[in-house]
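Residues per chain are reported as follows:
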Amino acid sequence: MQTRRTTARLVTAAAAAIVASVGAAAGTPPGNAWKPEGNVEFVVGAGAGGENDRVARAIQHVLTKEHLVETMTVLNRPGAAQTIAINYLASKKGDANEIGLASGSFINAIARSGSGLHKNVTPLMKLFDAYQCYFTRVDSPIKSMADVRDRLKADPASVTFAFPVGLGSPLHVSVVNVGKAAGATPSKLVTVVFNSGSDVAAQAAGGHIDVGLTSIGSPMPLIQAGKLRVLGLAAPERMGGELASYPTLREQGLDVVTANSYTVLVPNGLTPEQLAFWTRALDKVIADPDFKLDLERNFWALRPIRYPESVKWMQDDYDENRAILQELGMLQ
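Quick summary incoming for the structure in this document. These figures come from a predicted structure and were not determined experimentally. (Residues numbered from 1 in each chain as written. Predicted model: local features only at pLDDT ≥ 70, side-chain atom pairs only at ≥ 80, totals over all residues. Heavy atoms only, no water.)

### What to know about the overall build of the protein
So, step 1. Scanning the protein from N- to C-terminus turns up 11 helices and 10 strands.
So, step 2. Projecting the C-alpha coordinates of the protein onto the three principal axes gives extents of approximately 100 × 40 × 35 Å.
So, step 3. Taken over 332 residues, the protein has a buried fraction of 48%.
So, step 4. Long-range contacts, defined here as pairs at least 24 residues apart, represent 77% of the contacts in the protein between residues at least 6 apart.
So, step 5. Counting every atom, the protein has about 14900 Å² of accessible surface; 53% of that belongs to carbon and sulfur.
So, step 6. A gap of 4 Å separates the mean positions of the 32 positive and 31 negative side-chain charges of the protein. (Helix = DSSP H or I, 4+ residues; strand = E, 2+ residues; numbered from the N terminus. Buried < 20%, exposed > 50% of the residue type's maximum accessible area, 1.4 Å probe, protein only. Contact = heavy atoms within 4.5 Å. Areas by Shrake-Rupley, 256 points an atom, 1.4 Å probe, with all protein chains shown as cover. Lys, Arg positive; Asp, Glu negative; His and termini not counted. Charge placed at Lys NZ, Arg CZ, Asp CG, Glu CD.)

In structure tokens:
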């Protein structure tokens, strides 16, 4: 009887070892029965070469380098403030081989139209924020954001602000918040829109506008060349590294934080195992040395918010944008 029991235990152990080796050969991660098979499509609502595309390709690099996915294709579907791409992603319900990327302008766009598109996808993780920079020409009489505030108090139309993208964008909302903090009527603020952040930087350096507002990467070459002066960063606290010497708007009496946030989305309908895989994969991405170098080069501030907390964060961002756009009379 003892011999039979011992033999049975040996057979069971051998079978378990065979199953484990087969699982390892198939690349199944320990403790997780699911991993994407075949190609993963990464949907980006912007053209190749832009910041959204660069973010996606930085993520793609780590996912493939670490063999977290077999292969990955970045699918650029620009247009309509990223809604074309996110509608496409939403149509892939239950498909865990599809992920997407959205920046703050997506939330701003659907808040303006009243669309509920953000509820048709799952915000898996808000990765990082690209905080915005207020700047002026180096010989401008405006020396700080406190000077901007004082000018706006005296005359809301005395400062010409410039930013890229368009009216009603997150950058426009930031300017409105600066005006409100100074006690200025939003409708009286003077704003000009240019095609890109580099255009705004050039216009500010030439003295054609008073104050520019873009992501810090756009004006940095002219800042380093001594053509532009940083007035303040719209970050929650002073940043480190190369940006450590630049004050925040909060330090200057203006409680305004403006970030272009980047969020990885997945279609609705994924299983808990699939959501867990992608969360772990992104955690590996943000800890990777190559990705950290990309963060440093682009002045991106890592501030992850994971699912399910990310759902509330995105809804709060939507509601805040909608409230300000309503005040501006820009709801569609």
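Back to the text.
### Considering helix α10 (residues 289-298)
So, step 1. For α10, the complete set of buried residues consists of Phe291, Asp294 and Leu295. The buried residues of α10 occupy one face: seen down the axis, they fall within an arc of 100°. Exposed residues pointing more than 90 degrees away from the buried face of α10 are listed as Pro289, Glu296 and Arg297.
So, step 2. Two to three positions downstream of the cap, the backbone nitrogen of Asp290 sits 2.8 Å from a side-chain oxygen, assigning the N-cap of α10 to Asp288.
So, step 3. Just past α10, the residue Phe299 takes up positive phi, approximately 60°. (Arc of directions from axis to C-beta. Polar contact = N/O pair within 3.5 Å; in protein donor to acceptor, adjacent residues only side chain to side chain.)

### Comments concerning the layout of surface pockets
Using a probe with the size of a water molecule, rolled over the atoms, empty space left in the structure can be pinpointed.
So, step 1. Considering only enclosed or pocket space, the largest pocket measures out at about 800 Å³ in volume.
So, step 2. Residue lining of the largest pocket: 37 residues in total, with Glu51, Pro164, Val165, Asn260 and Tyr262 positioned closest to the centre.
So, step 3. Where the lining of the largest pocket is concerned, the elements lending two or more residues are α2 (51-65), α4 (104-113), β4 (121-137), α6 (170-181), α7 (197-205), β7 (211-215), β9 (259-267) and α10.
So, step 4. Residue contributions to the lining of the largest pocket peak at four residues, all from α4.
So, step 5. Residues belonging to the lining of the largest pocket are distributed by class as follows: 14 nonpolar, 19 polar and four charged.
So, step 6. Its volume calculated, the second largest pocket comes out at about 480 Å³.
So, step 7. In terms of lining residues, the second largest pocket is bounded by 21 residues, among which Val257, Thr258, Ala259, Asp317 and Glu320 are the most central.
So, step 8. Broken down by secondary-structure element, the contributors of at least two residues to the lining of the second largest pocket are β4, α6, β9 and α11 (309-327). (1 Å grid on protein atoms, 1.4 Å probe; cavity = no way out; pocket = protein on both sides within 12 Å on 5 of 7 lines; lining within 4 Å. Points joined across faces, edges and corners; volume = space filled by probe spheres on them. Nonpolar A, V, L, I, M, F, W, Y, C, P; charged D, E, K, R; others polar.)

### Some details on empty space enclosed by the protein
So, step 1. Within this structure, the stated rule accounts for one cavity of 30 Å³ or more.
So, step 2. By volume, the largest cavity is sized at about 30 Å³.

### Points about the nonpolar core
Proteins that are soluble and globular tend to have nonpolar side chains buried together.
So, step 1. Of all hydrophobic cores here, the largest spans 37 residues; its most connected members are Phe42, Ile59, Leu63, Met72, Phe128, Trp278 and Phe291.
So, step 2. Per element, the largest residue contribution to this core is seven residues, and it comes from helix α9 (residues 272-287).
So, step 3. One finds Val148, Val175, Leu189 and Leu254 within the second-largest nonpolar core, a separate group that totals 21 residues. (Core = buried A, V, L, I, M, F, W, Y, C linked by side-chain atoms within 4.5 Å.)

### As for α6
So, step 1. Taking 1.5 Å of rise per residue, 12 residues should cover 16 Å, and α6 covers 16 Å from first to last C-alpha, within 8% of that figure.
So, step 2. When you tally the buried positions in α6, you get nine out of 12 residues, the bulk of the element.
So, step 3. Buried within α6 we find Leu171, His172, Val173, Ser174, Val175, Val176, Asn177, Val178 and Gly179.
So, step 4. Phi turns positive one or two residues past the end of α6, at Gly183, with a value near 85°. (Expected span 1.5 Å × (residues − 1).)

### Concerning unusual backbone geometry
So, step 1. Omega for the bond connecting Tyr307 with Pro308 falls within 30 degrees of zero, at 10°, which places this linkage in the cis form.
So, step 2. Checked against the element boundaries, Pro308 lands in the loop between β10 (301-306) and α11.
So, step 3. For Ala80, which is not a glycine, the phi torsion comes out positive at approximately 55°.
So, step 4. Inspection of the secondary structure puts Ala80 in the loop between β2 (71-76) and α3 (83-90).
So, step 5. Accessibility expressed as a relative area gives 48% for Ala80, which makes it partly exposed.
So, step 6. Positive phi, close to 55°, is recorded for Ala81, a residue that is not glycine.
So, step 7. One can find Ala81 in the loop between β2 and α3.

### Some details on the side chain of Ser140
So, step 1. Among the secondary structure elements, Ser140 is positioned in the loop between β4 and α5 (145-154).
So, step 2. Engagement of the side chain of Ser140 in a polar contact is seen with the side chain of Thr136, the distance being 3.3 Å.

### Things to note about the pattern of salt bridges
So, step 1. Counted by the stated rule, this structure contains 13 salt bridges.
So, step 2. Across the salt bridge formed by Asp53 and Arg57, the nearest N and O atoms sit 3.0 Å from each other. In this pair, Asp53 and Arg57 both sit in helix α2, four residues apart, roughly one turn of the helix.
So, step 3. Judged by its relative accessible area of 34%, Arg57 is partly exposed.
So, step 4. Measuring nitrogen to oxygen at the nearest pair gives 3.0 Å for the salt bridge that ties Glu327 to Lys180. Within this pair, whereas Glu327 is found in helix α11, its partner Lys180 is found in helix α6, the two being separated by 147 residues in sequence.
So, step 5. Overall, Glu327 belongs to the partly exposed group, its relative accessible area being 44%.
So, step 6. By relative accessible area, which is 37% here, Lys180 ends up partly exposed.
So, step 7. Within this structure, Lys65, Glu66, Asp288 and Asp290 form a network of salt bridges that share partners. (Salt bridge = Lys/Arg side-chain N within 4 Å of Asp/Glu carboxyl O.)

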